[in-house]
Amino acid sequence: MKGLEIRQRLFVKFSHQLLLLKENEIIDIEFTNERPYLCPICLREFADIDLTQRPKNNFLTLEDAPPYALGGKKVALTCKECNSGCGTTIDFHLKEILRAIDDSYFYKGTKHFRTIDHEGGKVSVELTSEGDGTLRAYHRKSKNNPTLLDKFKFALSNKTLGPLLNLNPPKYNYESKRVNYALLKAAYILMFAKFGYIFLLDKSYDAIRQQLLEPKKEIFPYTPFIKDQFSKEHLGMYYVLNPTIKSILTVFNLKTEYSETVIASLIPVPGLPMGMFAHNVNELRNASGHVDIHNSQYDPDADLFNDLNEIQKILKWIG
Ligand SMILES: [Zn+2]
C-alpha cells in the first residue's frame, strides 16, 4: 500500500471515531471541518485536504511507533511539525543511545571506532569483531597523524605500552532525559493507535503532550517505565487492574540491526495524578524490584473505533 493510501485509511479510521465520540457526547469539542482529525501531539485540527496539501502548509504525516529505524510501524498520523520536531529533538536521542549500546557489544562482523591516548595525541583504531572474542585492529593511515602512528607502532613492537590498551569509545550525542521522552512518545502514540480519542484528549495527558513539544523544559517528571520485568513474549497492550495503579501497560520492542530491547511503560488512566501514581507504583515494588502488576490482555477483537459498546466498556473500566 502506498503512503497516501495508508494515510487516507488512518484518517478515516480516527476521524470516524472522533465523530462517533462527539455524537454520543463522550467528548465535547467543536470542529471546524466536517471530517476532522486531531494531531495526537499538538491537538490541532486537520481535515482530509491536509493529507495531500503540501509542502507549504503543515499537513498530516505517517507516524511510526516506536521510530521506524527501531522497527516501528505506521500506526497513526501526526502533523508534519510535530513529526519532524519530535524526530530531531527526541527520537534522535533514542536512536543514538541504542547505537552506543550496540557499539559497546562486539557482535560478530561489526566495526568499532576507538582512539588510544598516546604521547599527548590520539591514535585512531578500527576494530573488527570476529565474534569469538577476537578483535582485529586496523590503524588507518588516512585517519592518523603519520608521526604519531609511527611512534605508536614503535612502542607496540618494543612492548613499552603494557599488556592492556585503554580504548576511548566515540562520543554519542544523547541526553538521558530525551531518551525517556522518546520512549514516552512511543508509548503514548501506541496508546493512541489502540484507543484513539476515547480518553487521550483528557487534560491529564496535556503534561505528556507538552513534554514532547518542549523537551528543553521539565514538564512531566515521572518516568513511566518498568525495568527488566517484561520480555518479548509479553509484547502488547494490557489493562492494569490494581486499583491504585490503574493504567495502560504497553510492552514494545526496539530493534536495531544487532539487538532488541523490550520496554514496558505504565501510563495511568485519566484523573490519577502523576505524582500519586508514581508513588503507588513504588509502593508495589517487591524485594526483587518488580512491580506487582495484575494485568489483563486487551481484547484484540474489540473494535474501539466503531463499536460503541466496546467504547463504553473502556469508559466504565476507567470509572
Ligand atoms: Zn501536531
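What this report covers is the structure whose coordinates are included nearby. (Residues numbered from 1 in each chain as written. Predicted model: local features only at pLDDT ≥ 70, side-chain atom pairs only at ≥ 80, totals over all residues.)

### What to know about the nonpolar core
Then, in step 1: If you look at the biggest cluster of nonpolar residues, it comprises 57 residues, and the most contacted ones within it are Ala 186, Ala 187 and Met 191.
Then, in step 2: Among the elements that line this core, the one with the most residues is helix 4 (residues 176-195), at eleven residues.
Then, in step 3: Discounting residues that sit within four places of it in the chain, Ala 187 has contacts with Pro 224, Thr 250, Ser 265 and Ile 267. (Core = buried A, V, L, I, M, F, W, Y, C linked by C-beta atoms within 7 Å. Buried ≥ 20, exposed ≤ 12 C-beta atoms within 10 Å, placed from the backbone. Helix = DSSP H or I, 4+ residues; strand = E, 2+ residues; numbered from the N terminus. Contact = placed C-beta atoms within 7 Å.)

### A few points about the sheet that holds strand 9 (residues 225-226)
Then, in step 1: Pairing is antiparallel in the open sheet, where five strands are placed in the order 9-12-11-10-13. Each of the sheet's edge strands pairs with one partner strand only, and the pair in question is strand 9 and strand 13 (295-297).
Then, in step 2: By the bridge criterion, five bridges tie strand 10 (residues 236-240) to strand 11 (residues 247-255) in an arrangement that is antiparallel. Looking across to strand 11, one finds that Tyr 238 is bridged to Leu 249. (Pairing = 2+ DSSP bridges.)

### Description of the packing of helix 2 (residues 80-104) against helix 4
Then, in step 1: Contact geometry for helix 2 and helix 4: axes closest at 8 Å, N-to-C directions at 105 degrees. Accordingly, the angle class assigned to the pair helix 2 and helix 4 is roughly perpendicular. Packed against helix 2, whose contacting residues are Cys 86, Ile 90, Asp 91, His 93, Leu 94 and Ile 97, the element helix 4 presents Arg 178, Val 179, Tyr 181, Ala 182, Leu 183 and Lys 185 at the interface.
Then, in step 2: A per-class count over the contact of helix 2 with helix 4 returns eight nonpolar, one polar and three charged. (Axes fitted to C-alpha atoms, helices over the stretch in contact; angles between N-to-C directions. Parallel < 35°, antiparallel > 145°, perpendicular 65-115°, else oblique. Nonpolar A, V, L, I, M, F, W, Y, C, P; charged D, E, K, R; others polar.)

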